[in-house]
Each structure stands twice: as structure tokens, then as C-alpha cells.
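Chains, contacts and geometry: an overview
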Amino acid sequence: NLANRTSTKISDISWEAGKPVPYAALCKTFEKIEATTKRLEIQEHLTTFFVQVIELSPDNLLESLYLCLNRICPEYENLELGIGESLLIKAIAEATGRKTSKVKEELAKWGDLGKVAKDSKSTQPTLVKPKPLTIPALFSKMKSIANTSGQDSQERKVRDIMFLLTACQGDEAKYLIRSLEGKLRIGLAEQTVLISLAQSIVLKDPGYQKLSKTLKAEELTTAAEIVKSVYSELPSYDIIVPTLLKIGVKGLREACKLTPGIPIKPMLAHPTKSITEALDRVEGKTFTCEFKYDGERGQIHMLEDGTSKMYSRNLEDSSMKFPDVLEILSSIVKPGTKSFVLDCEVVAWDPVKNCLLPFQILSTRKRKDVKESEIKVCVCLYAFDLLYLNGESLLQKHLAERREHLYNAFQEVEGKFSFARHMNASNVEEIQTFLDESVKGSCEGLMVKILDGPESSYEPSKRSRNWLKIKKDYISGGVGDSLDLVVVGAYLGRGKRTSVYGTFLLACYDPDNEEYQTICKIGTGFSDASLETHFKFLKEHEIPGPKKYYNYDKGTNPDVWFEPCQVWEVKTADLSISPIYKAALGKIDPSKGVSLRFPRFIQIREDKKPEDATTNDQVADMYRSQFKNEE
Ligand code: ATP
């Protein structure tokens, strides 16, 4: 569609070139996006809006994009909106002259504070028409609200929100409140935003209009691929957007590269369910086996100026959680190692017995503001990759070379820093022995990685078939891995479980259609205490009905629905075709989905967001893998 354009289409709301973008223009786009579930339509609406911004007010593109993502800065800056509900209720009541009890009543009825704000405003007589809200004004106010702390911070936040609400017209109040809550949820995924960003830059390129229809389509696809891949290497819109505006898509890869201080999206592994399956997959290639340590992923960055940072799998800054890790860096670098990005696993360590401890122990460690003197759970770092060294990105280098750099630039310190144990095995017996050793050493199993050749380069954010995981627990289980699923609903408990939810409805994620597809009910694996915890947490996330981006069958209707808010790790005996569950719909059977048999709850995955849940494609792969390589 977009490739057919001869001129840049303008959306319903326009503004004078050079003036700030009116918030109304963005809200109109949100409305259109919310009204459809079709991905291409969503894409088109957003691209149209971005094109218009680039044409009239390019300086506002970055802020517009952040508002679409419901963020105010890069994820790794750990600054979030998420204003509490009670504060927003207070601001809505005060700004619209309603009683807080009335606002609460309406909220209980509609389950969407944004809608309540909009309705409250529409019943309020306005004497003077307020000055329209603009994107830069709104964005800077939101940033300042998120940064407000200390004495009177609540009052100051309420005042700022009231100020914004007063200036809102029509749907603006709805989207403003949802954004402040951190729950915009209009069905707009980050991948769509990235594609629209790329497309809008290309559409505004003067050379583009001269291309043939086929070349136009190719140009748009290539641009989307480039922007997505650059973003996984350097996930900072603060850098990417101004660069795109300045030099376009073509030079982007050269201009925006992995930079210490900005976390890279980690490479992910593909599950296998047996040593022979892994060996089949790497046949004819040079590969290496490594222990798969059982902790949490840590990406450690050291800048030339000596500053160091640590980031989680989710790209959050975890430096405050692991000050002890950053403290040891000076003792593990060899002379000459000045700047680097290390990929590691942080594992709990017993300093008395000098051995590794399981993940459950690590998960008891405090999450924030850890003081070194109060640390109860010690950790040891296991480094398995080096992505950047002394001013040079190593991403394109082969793993064998990256490993050599790793060994040359760092030294082991017992109980603090080690290289991941590896073995360049070649047959099943050797690998089995190495796997047994890893399990004895409290590891989860093995990673099998391609060692040489272009396939062994580091692939940011990809679940790559060049990294295979073999987990001890799943070897004879037939499935290969656990699943990470989103809780979308619950059924009220019976018998002993009457005061809590007894069973839950889970879903996987389909990133192409941006929807959650139901996969099973789950009622096993919970202790009484964990049911209480789930109830307390999920109660706060109940919504009156399913989201439009939930794909489910009426036959599985739960008693209560939740917004997508938590990811659970779940084990299953096997996967089967199902007429009522929607996971991987159309991937295995044209009209049926896949569901889990005998699912069991393992733990909450705090480090995963709902969009990081197991995807429909992964579910389909797991289903198929049950019938392959039967041992
Ligand atoms: P996902 O594959 O979705 O990330 P996950 O977070 O549950 O799932 P795992 O299934 O445990 O991750 O497998 C990959 C993870 O294993 C890595 O993200 C990393 O944290 C950990 N890991 C431990 N040892 C290694 C190693 N030697 N090489 C790479 N990753 C390792």
C-alpha cells in the first residue's frame, strides 16, 4: 500500500509547518489504531502520522515516537511513568469537579481510567477554551512528573496532571491518563513503531518517489530491516531518530553501532530436547559446548573513562542490584583492557564451600539499592562472550576469535569471575559426560554454539539456531524447554481455594499480529502461599472484559480477565492440537490451535515482559519437535 503512494498522505489533523505537533493529531492516530486489529492498517496509520511529523515538525519526531511507545526515555534509564491509580483518581476528580467516590465508581464500571477521565471532562462545562496541548509540552511535563520526588511530590504531581487534564479536549484525556498510568495498550507493538519509523524516513526521501513500484516496495522492506537490526544493537531512539533525520536509513548501520554505556539486546538460544537433536543441527560445522549456568544474564559495560554499568536481560540498569560485581572489575581486567562489553551469567556462590548455588538462592537477593555491607547472597560471574573491546565492536567476529579476546583481556578470580567452562566435543558420549558434569556442578545443562564461520557472529536480540540449549530437565521430557506464558484470566477457586483464584488462563504471544493467544488452563504447581501472592498481585490488574488483542474461545471464558501484566514459567508434559485454544493457530492446523497437556507452574519470570513471552512460532516449533529425533 505504502509503496503505491505518489505523495505523502496527510492525516485528518494538520498544523502549521515549524510549529509543535498538536497532541490531538497523535490522539487521532491512536484512535484509528485502537479501532482496528489489522497489523497493516495499524502500520499505515502510524506511518502516515510520522510522515506528517517529519514534513512539518521533524524536531518533534523523537517525542512523538516515545509517546507511541508509552515511554519517556530509553528503557535502560530506569525512569518510568506508571503513576499510581489513586493519584490519578484524585487529579481527575479535582480537575473535573467530581467527587473521588464518583470517579472510583465509574472506574469500577468501565475498568478504564482513561475513559472515566474523558467522560468526566465531557460533562464538565468549560467557560474558556484551553490552549491546545502540544507534544513537546506534554512530553516535557510527563518527564518532569516522572522525575518528581521528595517532599510534597504527590501534591506536585497531582497539580501537574490537573494542569494537563484541563488542557485536554475530546479523546486526549483518555490517552493522557492511560499514558500516565503506563497502560496505553492500544495494540501497538514496538516492532510496528520501528517499521513505521523506517518507512516514514524513506517516504520522505526525495529519491524514493523516482523509483519503480517494485523498487519502492523493496526499499521499504530493506529500510525496516536495517532500522530493526540497528535498534537491537543500539536500542536508543535518542541516538537513532536524530541520525535518521540527518542521514536517512542508508548510512545508519555505520553511524549507529554498539556503544559501551548503551545495552545491546542479548542473543538468545534455541531449545533442543536431546544431545542428538543438537548434534544434528550443527552437523558439518565446528561447534563448542559450554556449561549453561543457572543464574541471571548480566551485561557488563566498561567505558574508556572507567565508568561501569551492568544491565539485565531486559536491558534494565541492574548496577544498583550488583554493586559488588562492579566493584571487582578492576581485579579481573588485564593491563591494556580499557573499554568492553561482556556477556555473562551472574550466579549465586557459596564462599564457604566454594561452589555454585541454584537460581532460587539468587532470586532471594534484594532488587534495588543493595548496600555492599548488607549483601547476603554472594555472586560469581561466568563470562561466555565478549562483544566489544577497546573501541572496537566484536559482533561480526567469529565466536572463536571473540573467545580468544575474552581470554586475553580478562583473568579469573576464584569465586568472583570465571570463564564459562567449555569443551570442543564431537560425539554424543563426550557431550553426555560433559552434560553430567555440568549438572553435578549445579548448572542447568549445556549450550552448544557454532564456533567458526559467519554463522558464529553475535546476533543481537535473535533467538538463533547457532546457539542451542540442552537443559537437563527436558532431555527425556519430549518438549525441550519450559514456556514463559502470560496470565490473561482466572477462574474463581473452589473448596480450599475459595478466597483466591484457583485456576488460571495462560497465553503465548504472536508478535506478527500483536495478540495474545490462549494456550491452557493451569491449576498445578501452586502452594497455598503462592496462590495468595498471585491473588494479591493479579486482583490489581483485573479488567472488565478481554482485550481486543486476546485471541480466545468462548468455551474457555474465565471468571475474571487480567491485562497482560505478568509472565509465568510453565512446564508441560507435551503439546497437543486443540479445538478451543488458540496458540499457534494456523501454524500446525489451519483452524485449530495448540495447547499444553498437564501444565505445571514453576515460577514468575520477573525479568520478562508480556511481549517477551514464548511466541506462537516457538509453540509451533515445540509441537513439531515432539515428533523429531525420538531417542
Ligand atoms: P530465553 O531463551 O527465552 O532467554 P530464558 O531466559 O529462560 O529463555 P534460558 O532458556 O535459560 O533463558 O537460556 C538462555 C540463557 O541461559 C541466557 O539468556 C543466559 O542467561 C543463560 N546462560 C547460562 N550460561 C550460558 C552460556 N554459557 N552461554 C549463553 N547463555 C548462557
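Please read these numbers as outputs of a predicted model, since none were measured by experiment.

1. Some points on the overall build of the protein chain
Of regular secondary structure, the protein chain possesses 21 helices and 22 strands. The C-alpha atoms of the protein chain give 26 Å as radius of gyration, which agrees with the globular expectation for 631 residues (25 Å, within 12%). Principal-axis analysis of the C-alpha atoms gives the protein chain an extent of 80 × 65 × 55 Å. Residues counted as buried form 43% of the 631 residues belonging to the protein chain.

2. Some points on the pairing of strand 12 (residues 463-471)
With five bridges joining them, strand 1 (residues 268-272) and strand 12 adopt parallel strand pairing. Along strand 12, the bridge assignment pairs Thr272 with Ile470. Sheet topology note: the strand 11 (residues 445-450)/strand 12 ladder contains five bridges and is antiparallel. When the bridges of strand 12 are listed, Gly445 appears paired with Lys471.

3. Remarks on the site of the ligand
Taken together, Leu268, Ala269, Glu290, Lys292, Tyr293, Arg297, Arg313, Glu345, Phe384, Ala420, Met447 and Lys469 form the complete shell of residues around the ligand. Going through the elements one at a time, strand 1 and strand 2 (287-292) are the ones with two or more residues in the shell around the ligand.

4. Here's the deal with helix 10 (residues 190-203)
Residues spaced three or four apart along an α-helix point in a common direction, a consequence of the helix completing one turn every 3.6 residues. Its 14 residues give helix 10 an end-to-end C-alpha distance of 20 Å, which sits within 8% of 20 Å, the value for a rise of 1.5 Å per residue. When you tally the buried positions in helix 10, you get twelve out of 14 residues, the bulk of the element. Among the residues of helix 10, those classed as buried are Thr192, Val193, Leu194, Ile195, Ser196, Leu197, Ala198, Gln199, Ser200, Ile201, Val202 and Leu203. Buried residues along helix 10 sit against helix 2 (39-56), helix 3 (61-69), helix 11 (213-233) and helix 12 (237-247).

5. A closer look at helix 6 (residues 113-122)
Here helix 6 lies mainly inside the structure; seven of its ten residues are buried. Taken as a whole, helix 6 has its buried residues at Leu113, Gly114, Val116, Ala117, Lys118, Ser120 and Lys121. Its buried side turned inward, helix 6 meets helix 4 (85-96), helix 5 (100-110), helix 8 (153-167) and helix 9 (172-181).

6. Observations concerning the confidence of the model for the protein chain
In the predicted model, the protein chain carries a mean pLDDT of 91, and 96% of its residues have values of at least 70. Within the model, the stretch residues 5-9 combines pLDDT values under 50 with six contacts to residues more than four positions away or in other chains. The ipTM, which scores confidence in the relative placement of chains, is 0.96 for this predicted complex, and the corresponding pTM is 0.83.

7. Some points on the sheet that holds strand 10 (residues 422-423)
Sheet architecture is open: five strands sit in the order 1-12-11-2-10, paired in mixed fashion. Looking at which strands have only one partner, the edges of the open sheet turn out to be strand 1 and strand 10. Packed onto the sheet, helix 19 (residues 428-440) meets strand 2, strand 10, strand 11 and strand 12 and runs at close to 130° relative to strand 11.

8. Here's the deal with the environment of Gln517
Looking at the secondary structure, you find Gln517 in strand 15 (residues 515-522). For the pair Gln517 and Val488, spaced 29 residues apart in the sequence, the C-alpha separation amounts to 9.5 Å. With sequence-adjacent residues up to four places away left out, Gln517 is seen in contact with Ala507, Cys508, Asp510, Asn551, Lys582, Ala583, Leu585, Gly593 and Asn616.

9. What to know about the pairing of strand 5 (residues 340-350)
Taken residue by residue, a regular strand's side chains alternate between the two faces of the sheet. Among the eleven residues of strand 5, ten are classified as buried, and the element is accordingly described as predominantly covered. Where strand 3 (residues 296-302) and strand 5 come together, seven bridges link them in antiparallel fashion. Each residue of the ladder has a partner; that of Ile300, found in strand 5, is Leu342. One ladder, built from ten bridges, connects strand 5 with strand 7 (residues 378-389); its direction is antiparallel. Note that in strand 7 the partner of Trp349 across the bridge is Cys378. Bridge analysis of strand 5 against strand 6 (residues 355-356) gives two bridges, and the strand direction is antiparallel. Paired with Asp350 across the two strands is Cys355, which belongs to strand 6. The turn linking strand 5 back onto strand 6 is made up of four residues, and Asn354 within it adopts a positive phi angle of 50°.

10. Concerning the nonpolar core
Leu165, Ala198, Val227 and Ala383 are the most contacted members of the largest nonpolar core, which totals 130 residues. Counting residues per element, this core draws most heavily on strand 7, which supplies ten residues. Other than its neighbours up to four places away in sequence, Leu165 contacts Ala91, Ile92, Ala95, Ala117, Ala173 and Leu176. The next biggest cluster of nonpolar side chains, apart from the first, holds 41 residues, and it includes Leu485, Leu506, Tyr509 and Leu575.

11. Notes on the packing of helix 4 against helix 6
Here helix 4 crosses helix 6 at 10°, and the two axes come no closer than 10 Å. In terms of axis orientation, helix 4 runs roughly parallel to helix 6. The segment helix 4 lies against helix 6, with Glu85, Leu88, Ile92 and Thr96 engaging Leu113, Val116, Ala117, Ser120 and Lys121. The residue inventory of the contact of helix 4 with helix 6, partitioned by class, reads five nonpolar, two polar and two charged.

12. A few points about the environment of Glu515
Here Glu515 lies in strand 15. Under the C-beta neighbour-count criterion, Glu515 is labelled buried, with 23 such atoms within 10 Å. Once the C-alpha coordinates of Glu515 and Lys548 are considered, the two residues, 33 residues apart in sequence, prove to be 8.4 Å apart. The contact partners of Glu515, leaving out residues within four places of it in the chain, are Asp510, Tyr549, Tyr550 and Asn551.

13. A short note on unusual backbone geometry
One non-glycine residue, Ser461, lies in positive phi territory at about 65°. The backbone of Ala584 shows a phi angle near 55°, a positive value even though the residue is not glycine. Locating Ala584 in the fold gives a position in the loop between strand 20 (574-578) and strand 21 (593-597). What makes Ala584 buried here is the crowd of 29 C-beta atoms within 10 Å.

Conventions and cut-offs
- Residues numbered from 1 in each chain as written.
- Predicted model: local features only at pLDDT ≥ 70, side-chain atom pairs only at ≥ 80, totals over all residues.
- Helix = DSSP H or I, 4+ residues; strand = E, 2+ residues; numbered from the N terminus.
- Rg over C-alpha atoms; globule rule 2.2 N^0.38 Å.
- Buried ≥ 20, exposed ≤ 12 C-beta atoms within 10 Å, placed from the backbone.
- Pairing = 2+ DSSP bridges.
- Near = placed C-beta within 6 Å.
- Expected span 1.5 Å × (residues − 1).
- Contact = placed C-beta atoms within 7 Å.
- pLDDT = per-residue confidence, 0-100.
- Axes fitted to C-alpha atoms, helices over the stretch in contact; angles between N-to-C directions.
- Core = buried A, V, L, I, M, F, W, Y, C linked by C-beta atoms within 7 Å.
- Parallel < 35°, antiparallel > 145°, perpendicular 65-115°, else oblique.
- Nonpolar A, V, L, I, M, F, W, Y, C, P; charged D, E, K, R; others polar.

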